[in-house]
Amino acid sequence: QVQLVESGGGLVQAGGSLRLSCATSRRTGSSYPMGWFRQAPGKEREFVAAISGAARMIQYEDSVKGRFTISRDNAKSTVYLQMNSLKPEDTAVYYCNEGRFGSGRYASGDYWGQGTQVTVSS
């Protein structure tokens, strides 16, 4: 079974930055699209960003465009989410997911990480 491990969360002030990492147990991690989702207290989980196996296709949720950047290092089987200009509304548990692109749109799969907490203070 595939295991995904997120790291890099923490507490920052508004306007600050964090870099999240997601390491996969797959040796061939470069072959699989990966995505980031988040869930705030009392709210449903929402899509944040996704990247294809060769980083040719990238998607962002509208509210994070221009602030967040998703990338990957396939030699390390690791996906990153660089978060800049953080806002209090970005506060959530962030989850990594292994999924797929169908017709150019990311679809989540069955494998999820344990989540990493991001808290942005005002």
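Residues numbered from 1 in each chain as written. Predicted model: local features only at pLDDT ≥ 70, side-chain atom pairs only at ≥ 80, totals over all residues. Heavy atoms only, no water.

Caption draft 1: Geometry of the overall build of the chain. Regarding its fold elements, the chain presents zero helices and 11 strands. Ordered by position in the sequence, the α and β elements of the chain form the string β-β-β-β-β-β-β-β-β-β-β. Taken over the C-alpha trace, the chain has a radius of gyration of 13 Å; the compact-globule value for 122 residues is 14 Å, and the two agree within 12%. Projected onto its principal axes, the C-alpha positions of the chain cover 40 × 25 × 25 Å. Taken over 122 residues, the chain has a buried fraction of 43%. (Helix = DSSP H or I, 4+ residues; strand = E, 2+ residues; numbered from the N terminus. Rg over C-alpha atoms; globule rule 2.2 N^0.38 Å. Buried < 20%, exposed > 50% of the residue type's maximum accessible area, 1.4 Å probe, protein only.)

Caption draft 2: Fine view of the state of the cysteines. A complete count under the given rule lists one disulfide for this structure. Two residues share a disulfide in this structure: Cys22 and Cys96, whose sulfurs sit 2.0 Å from each other. Of note, the bridge from Cys22 to Cys96 carries an S-S torsion of about -85° and is left-handed in sense. On the criterion of sequence distance, the pair formed by Cys22 in strand E3 (residues 18–24) and Cys96 in strand E9 (residues 92–102) is long-range, its members being 74 residues apart. The burial state of Cys22 is the same as that of Cys96; both residues are buried. (Disulfide = S-S within 2.5 Å.)

Caption draft 3: Here's a closer look at the packing of aromatic side chains. Applying the stated rule across the entire model yields five aromatic pairs. When the ring of Phe37 is compared with that of Trp112, the centres are 5.1 Å apart and the planes differ by 65°; the resulting orientation is edge-to-face. Highlighted residues: Phe37 in strand E4 (residues 34–39) and Trp112 in strand E10 (residues 105–112), separated in sequence by 75 residues. You can call Phe37 buried: its relative accessible area is 11%. Trp112 gets classed as partly exposed once you look at its relative accessible area, which sits at 31%. The rings of Phe37, Phe47, Phe101, Tyr106 and Trp112 are connected pair by pair, giving a single aromatic cluster. A cation over an aromatic ring shows up here: Arg45 above the ring of Tyr95, its NZ or CZ 3.9 Å from the ring centre. (Phe/Tyr/Trp six-rings, centres within 6.5 Å; stacked < 30°, edge-to-face > 60°. Lys NZ or Arg CZ within 6 Å of the ring centre and 35° of its normal.)

These figures capture arrangement, not role.
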